[in-house]
Amino acid sequence: MSDNLVSLTIDGIKVSLEKGSTILDAAQKKKVYIPTLCHYPELTRFGACRLCLVEVEGFRKLVAACTTPATEGMVVHTVTPEINDMRKTVVELLLLHHPLDCLTCDRGGDCELQKLAFTLRVTGDRFGFKTEEYPVDDTNLFIQRNFKKCVLCGRCVRVCDETRNVGALGFYERGFSTVIGYPYNKLVNCEYCGQCLSVCPVGALICKLSAYEARPWQVEKQRSICAYCGCGCSLYLEHKKNNLVKVSSEYGMGANNGLLCVKGRFGYDFVGSEKRLTSPLIKVNNSFKQVGWAQALGYIADGFKKVIENKGAQSVAGAAGARCTNEADYLFQKFMRAALGTNNVDSSVRLEHAPSISAMLGALGVAGATNSLAELKQTDAILLIGSNITASQVIAGIYVKQAVRQYGAKLIVIDPRSLEISRFADVWLRPEPGTDLALINGLLHIIIKEGLQDQEFIDKDTIGFADFLQSIKEYTQQQVEKITGVPAGQLEQAARLFAGAKTGSIVYGMGITQHSQGTDNVSALINLSLATGKLGRKNCGIYPLRTTCNSQGVADMGVLPDYYPGYTACDDMDGRRHFARGWGVDLPDKKGLYLPQMLEAAKEGKLSAMYIMGENLLSAYPERKQVEEALCALDFLVVQDIFLTETAKMADVVLPAASFAEESGTFTNLERRVQPVKAAISPPGEAKPDWEIIAGISNACGFVMDYAASREITEEIGRLAPLYKGINSEVLGTDGVFWPLDDNNKTGKPYFSMSDFYEGKGRFTAVDYQSEAENSEYPFMLITGGILFHHGSGAMSNRTKGLNYLNATGYVEINPEDADRLGLVEGDLVEVVSAGGKIEVKAKIADRYRSGIVFVPGNFIDLPVNKVMQVKADGASHMPAAKLTPVKIRKVT
């Protein structure tokens, strides 16, 4: 037997398991039932409820199975008359102050205490002792707390502190007066994630959104994937009579390990909104008229045919959002290419991570995160740059915090903002906005100068090192400090910390990509990974934080003007022939227009028709005026969405689509995990899944798409898209698979080896920082981004009551010094003015930003911050540089 194992006997059953495990671990391994209330996986051993008491031969008294280590030769008994009496007494004591209102309790039938009382034959309160009375606490918008029903198991306290690293809950008072609550009875730090709700064993915590909607046995549970950010969290859609009742999760589920954020758990009521589109609409005399599907599809086919006959196939274009399934995205680009004959197809990934695709394909030959999310918790050092990760990709943020607090990782945060994650950092660098490239090159200069690079890895596994060396010579500590404002000593500390770690990962967001040098920024981060040898192995990788549920998948599916599915270049003759054979039609041989080029072409009269699926371009695109002018100039516009968005209002035809809860298919999350999305309910009215609508349009246009179900499209993708080869509904299972699959690994590759990259090597890229000219007329730098309680441009979250209650509208965040100088106080109405436009918004005074920097969230439909944006495109990826805009602030009088 291994020295790391111990053997013991439980109820006559022999068990072997790792040293350090508990008696409870051993029992659970052999499925021997021991009751618990305070125990929960991955939380500290608490031993408070005393229900797990067991008898160990040779011990003088009963011991708690959840806290007692299993030792060699132990003989354990879990069921004896003494143990049963003890457990029954414990339950009776718990019922001293626990009301016996199971008939009306929302957790009736799903309560762990109720089950224990039934199993142990507890019939009521035999002590007759009454404890203090506390009123029901309705402080939390989503969760009702009933102190009388609380069993003080501490699960909620520990999950909030240990798993979420928030610490919003605690034990207060003493003895019979002990309660669990908030500091000073105020919601000081609560993020409204509802994780406390998910671990509560009784009815002490109840979801107010779904209370008394249905008994546990009345609801059906469908496992699916969250429709918000790119983490791809697994969840249960609980539904009754074709209505979503609530969203839940359980420990161990999917990439999120059962964790959810406030949006994922409580931001779902947009699905049942009365404002959902329910039938096709055709615009007649500037007003929409409801029509049937046959008329709508025929009208669309005639519209596209007319434009193509008069102006050619290159006068038509399509743009898809990242909220649609892989199957819908795949059919969308197939329709544009095979049915309409154009590569003019792009997606909202152009506005998020196009620089990641460009840089990663160029340096590595892959366009996705190199490692799994779970590996973040095991890495020794994390460099986080350009991301408010705890607001935008919450679960990834939790993993980073766990890496620091639970596993001892070192964290470097690079961001001009004071963020929630900043307090976990060992080193926090605050560069001037837009100087990230100079800073990264400065870190590399220090690493090379001090001999901290992994030269063996560089010589064996990389190319282009000599040219790269020349490119960083001028980035001395002094020069970089002058450019970025970051002290030389802090630069050196960060460089040494990351280079000196055994394993390390780089995590970045749109604070890196949404710049005029976005591609160069990502290339520099790849250089940093290569120079330190932190790539191509477990716990060493680079993570682009995808913003939307299928941002990775929409690019994988070839909704790009220059790539077919699987990143096969459109000008690659063999690749084009491969898809031409698969689709049975000749394909265009030139790459199409990128999204910014589409808008320019429309304004110039070169583009006459567009098909937009699942994206509100008027809100999502950085320059709103440009989008308005482009869409107005079109002869024919088709929009497919779940709401009548601002973009949809400009369309000639609007098609009602199904939401994520009503459509089956797959999403691919930011770690390349392809996961099954399952419909729980039916779409409202005549709305249809996106893939069915696309197939209907294609058939009306004369190119036959004959699919009986979305799984047939999944199988076609698995046959034709190189990276998805072999992926089908059967292979996906419940937790999904990482692309690519191989013969030896049916769950795919959680992390890439160097052999998976371009020619088996990583390529260094020489990149040089280009400064932006200052504009004295616009002295403030406007930064845009996301906040915790909303997502994207607000298409879904702005239509959710609870999230709107927490944060109903936007604001401009301004430094107190600047506010004093401008004579502003909290709540004052101000104008934010740029060379491109202006908005009026209320001021929020906060010191998260240094003087001269202001922040406006881009998550609100009623606050179109894109009205003030003036962007310069990243030349390599054609991405509009939306992150920074020079502005001036003036008080509205």
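Each remark here, short or long, concerns the structure printed above.
Residues numbered from 1 in each chain as written. Predicted model: local features only at pLDDT ≥ 70, side-chain atom pairs only at ≥ 80, totals over all residues. Heavy atoms only, no water.

Visitor: It is not clear to me how the overall build of the protein chain should be interpreted in this structure. Could you clarify?
Guide: Check the secondary structure of the protein chain and you find 29 helices and 39 strands. Its C-alpha atoms give the protein chain a radius of gyration of 29 Å, near enough to 29 Å, the size a compact globule of 893 residues would have. With the principal axes as the frame, the protein chain shows a C-alpha extent of 90 × 70 × 70 Å. Relative to its full complement of 893 residues, the protein chain shows a buried share of 62%. For the protein chain, the accessible surface area stands at approximately 34500 Å², while carbon and sulfur atoms represent 48% of it. (Helix = DSSP H or I, 4+ residues; strand = E, 2+ residues; numbered from the N terminus. Rg over C-alpha atoms; globule rule 2.2 N^0.38 Å. Buried < 20%, exposed > 50% of the residue type's maximum accessible area, 1.4 Å probe, protein only. Areas by Shrake-Rupley, 256 points an atom, 1.4 Å probe, with all protein chains shown as cover.)

Visitor: What should I look at first to understand the sheet that holds strand E27 (residues 653-656) in this one?
Guide: What links the strands of a sheet is backbone hydrogen bonding, and the strands pair in either a parallel or an antiparallel sense. Spatially, the 7 strands line up as an open sheet ordered E14-E13-E27-E26-E25-E15-E16, and their pairing is mixed. At either end of the open sheet lies a strand with only one pairing partner, and these are strand E14 (287-290) and strand E16 (345-347). Neighbour-to-neighbour, the strand axes of this sheet turn through a mean angle of 20°, independent of strand direction. The sheet contact formed by strand E15 (residues 316-320) and E16 spans 3 bridges and is parallel. (Pairing = 2+ DSSP bridges. Axes fitted to C-alpha atoms, helices over the stretch in contact; angles between N-to-C directions.)

Visitor: Help me understand the pattern of salt bridges in this model?
Guide: When the charged atoms of two side chains with opposite charge come close together, those side chains can pair. Scanning the model with the defined rule gives 31 salt bridges in all. Between Asp110 and Arg107 there is a salt bridge; the shortest N-O distance is 3.6 Å. Glu831 is paired through a salt bridge with Lys838; the nearest N and O atoms lie 3.3 Å apart. On the basis of relative accessibility, which here comes to 10%, the residue Glu831 falls in the buried class. Here the salt bridges share partners, and the residues they tie into one network are Lys401, Glu420 and Arg423. (Salt bridge = Lys/Arg side-chain N within 4 Å of Asp/Glu carboxyl O.)

Visitor: Is there a simple way to think about unusual backbone geometry in this case?
Guide: Where the residue is not glycine, phi is negative for most of them; where a peptide bond is considered, it is trans in most cases. Cis geometry is adopted by the peptide bond preceding Pro740, which originates at Trp739 and carries an omega value of -5°. Structurally, the position occupied by Pro740 is in the loop between strand E30 (737-738) and strand E31 (762-763). Here Glu42, not a glycine, exhibits a phi torsion of approximately 70°, which is positive. Its place among the elements puts Glu42 in the loop between helix H1 (23-29) and strand E3 (53-56). Although it is not a glycine, Asn285 adopts a positive phi angle of roughly 55°. Looking at Asn285, the relative accessible area reads 73%, which means it is exposed.

Visitor: Where do I start with the pairing of E14 in this structure?
Guide: A regular strand carries its side chains on alternate faces of the sheet. As defined by bridge partners, strand E13 (residues 281-284) adjoins E14 across 4 bridges and the pair is classed as antiparallel. Paired with Leu281 across the two strands is Gln290, which belongs to E14. Between the antiparallel neighbours E13 and E14 lie 2 residues, among them Asn285 with a positive phi of about 55°.

Visitor: Explanation requested: the side chain of Asp137 in the structure shown.
Guide: Its location among the elements puts Asp137 in the loop between helix H3 (112-119) and strand E6 (143-145). At 4.7 Å, Arg145 is the nearest oppositely charged side chain to Asp137, a buried residue that forms no salt bridge. Reaching out from Asp137, the side chain makes a polar contact with the side chain of Thr139 at a distance of 2.4 Å. When near neighbours in sequence (up to four residues on either side) are disregarded, Asp137 contacts Ile143, Gln144, Arg145, Phe147 and Tyr182. (Lys, Arg positive; Asp, Glu negative; His and termini not counted. Polar contact = N/O pair within 3.5 Å; in protein donor to acceptor, adjacent residues only side chain to side chain. Contact = heavy atoms within 4.5 Å.)

Visitor: I tried to follow helix H7 (residues 293-311) on my own but got confused; where do I start?
Guide: Every α-helix winds through 3.6 residues per turn, so residues three or four apart in the chain are directed the same way. Its 19 residues give H7 an end-to-end C-alpha distance of 27 Å, which sits within 8% of 27 Å, the value for a rise of 1.5 Å per residue. Those residues of H7 lying buried are Trp293, Ala296, Leu297, Ile300, Ala301, Gly303, Phe304 and Val307. Buried residues of H7, seen end-on, are gathered within an arc of 160° and therefore sit on one face of the element. Turned more than 90 degrees away from the buried face of H7 sit Ala294, Asp302, Lys306, Glu309 and Asn310, all of them exposed. Where H7 ends, the next residue or the one after it, Gly312, has phi of about 95°, a positive value. (Expected span 1.5 Å × (residues − 1). Arc of directions from axis to C-beta.)

Visitor: How do you make sense of the packing of helix H21 (residues 595-603) against helix H23 (residues 624-633) when you look at a structure like this?
Guide: Packed helices, taken two at a time, are described by the angle between their axes plus the distance between the axes. In contact at an axis separation of 8 Å, H21 and H23 are set at 55° when each is read in the N-to-C sense. Classed by the angle they form, the pair H21 and H23 counts as oblique. For the element pair H21 and H23, the recorded crossing hand is left-handed. Residues Pro596, Leu599, Glu600, Ala602 and Lys603 of H21 form the contact with H23, whose own contacting residues are Gln626, Val627, Glu629, Ala630 and Ala633. Looking at side-chain class alone, the contact of H21 with H23 contains 6 nonpolar, 1 polar and 3 charged residues. (Parallel < 35°, antiparallel > 145°, perpendicular 65-115°, else oblique. Left-handed = near helix turned anticlockwise from the far one by under 90°. Nonpolar A, V, L, I, M, F, W, Y, C, P; charged D, E, K, R; others polar.)

Visitor: Would you explain the packing of helix H15 (residues 477-484) against helix H16 (residues 488-500) in this entry?
Guide: Packing of H15 against H16 leaves a shortest axis separation of 9 Å and a crossing angle of 110°. Comparing the axis directions of H15 and H16 gives the class roughly perpendicular. Where H15 crosses over H16, the two elements pack in a sense that is right-handed. Across from Gln477, Val480 and Glu481 in H15, the residues of H16 making contact are Ala488, Leu491 and Glu492. When grouped by side-chain class, the residues that make up the contact of H15 with H16 number 3 nonpolar, 1 polar and 2 charged.

Visitor: Honestly, the environment of Ser753 in this entry has me stumped. Any pointers?
Guide: Its location among the elements puts Ser753 in the loop between E30 and E31. Residue classification places Ser753 among the partly exposed residues on the basis of a relative accessible area of 29%.

Visitor: It is not clear to me how the sheet that holds strand E39 (residues 884-891) should be interpreted in this structure. Could you clarify?
Guide: Read once around its circumference, the closed barrel built from 6 strands follows the order E32-E36-E33-E35-E34-E39, with strand pairing classed as mixed. This sheet shows a mean twist of 45° between the axes of neighbouring strands, independent of strand direction. In this structure, strand E34 (residues 829-833) lies alongside strand E35 (residues 838-845), joined through 5 bridges in antiparallel fashion. Its bridge partner being in E35, Val832 is matched across the sheet by Ile839.

Visitor: I'm lost on the side chain of Arg576 in this one. Help?
Guide: Position of Arg576 among the secondary structure elements: in helix H20 (residues 573-583). Although buried, Arg576 forms no salt bridge, and the nearest oppositely charged side chain, Asp589, lies 5.0 Å from it. Discounting chain neighbours no more than four positions away, the residues touching Arg576 are Tyr564, Cys570, Asp571, Leu587, Pro588 and Asp589.

Visitor: Even after reading the chapter, I still don't get helix H9 (residues 354-363), so can you show me in this structure?
Guide: Most of H9 is tucked away, with 8 of its 10 residues classed as buried. Taken together, the buried positions of H9 are occupied by Ala354, Pro355, Ser356, Ile357, Ala359, Met360, Leu361 and Ala363. Among the residues trailing H9, Gly365 stands out with phi positive, at a value near 85°.

Visitor: What is the right way to look at the pairing of strand E26 (residues 636-641) in this model?
Guide: Within E26, 6 of the 6 residues are buried, leaving the element largely enclosed by the surrounding structure. By the alternation rule, side chains of E26 split into Phe636, Val638 and Gln640 and Leu637, Val639 and Asp641, which are all buried.

Visitor: I tried to follow the environment of Ala651 on my own but got confused; where do I start?
Guide: Mapped onto the fold, Ala651 is located in the loop between helix H24 (646-649) and E27. Along the primary structure Ala651 and Ala65 are separated by 586 residues, whereas in three dimensions their C-alpha atoms are 65 Å apart.

Visitor: What is the right way to read the nonpolar core from this model?
Guide: The tendency in soluble globular proteins is for nonpolar side chains to be buried side by side. Among the nonpolar cores identified, the biggest contains 214 residues, and Phe304, Phe335 and Tyr611 are the most heavily contacted of them. Considering each element in turn, this core owes the most residues, 9 residues, to helix H12 (residues 436-449). Ignoring anything within four residues of it in the chain, the contact list for Phe304 reads Val316, Phe335, Leu340, Ala609, Met610, Tyr611, Phe636 and Val638. With 28 residues, the next largest nonpolar core counts Phe780, Leu824, Leu863 and Met869 among its residues. (Core = buried A, V, L, I, M, F, W, Y, C linked by side-chain atoms within 4.5 Å.)

Visitor: Which parts of the structure should I look at to understand the environment of Gly368?
Guide: Along the chain, Gly368 falls in the loop between H9 and strand E17 (381-385). Take Gly368: its relative accessible area is 0%, and that puts it in the buried class. In this structure, the C-alpha to C-alpha distance between Gly368 and Leu670, residues 302 residues apart in sequence, is 7.1 Å. Sequence-distant contacts of Gly368, defined by excluding residues within four places in its chain, comprise Met360, Pro544, Arg546, Gln552 and Arg672.

Visitor: Just to check I follow, could you spell out the state of the cysteines for this structure?
Guide: Here a disulfide denotes one covalent bond, and it connects the sulfur atoms of two cysteines. Counted according to the given criterion, the structure contains 0 disulfides. Here Cys52 is not cross-linked by a disulfide; its sulfur's nearest cysteine counterpart is in Cys66, at 3.7 Å. In this structure Cys105 is not part of a disulfide, and its nearest cysteine sulfur, from Cys111, lies 6.4 Å away. Exposure remark for Cys105: the relative accessible area of 8% places this residue in the buried category. (Disulfide = S-S within 2.5 Å.)

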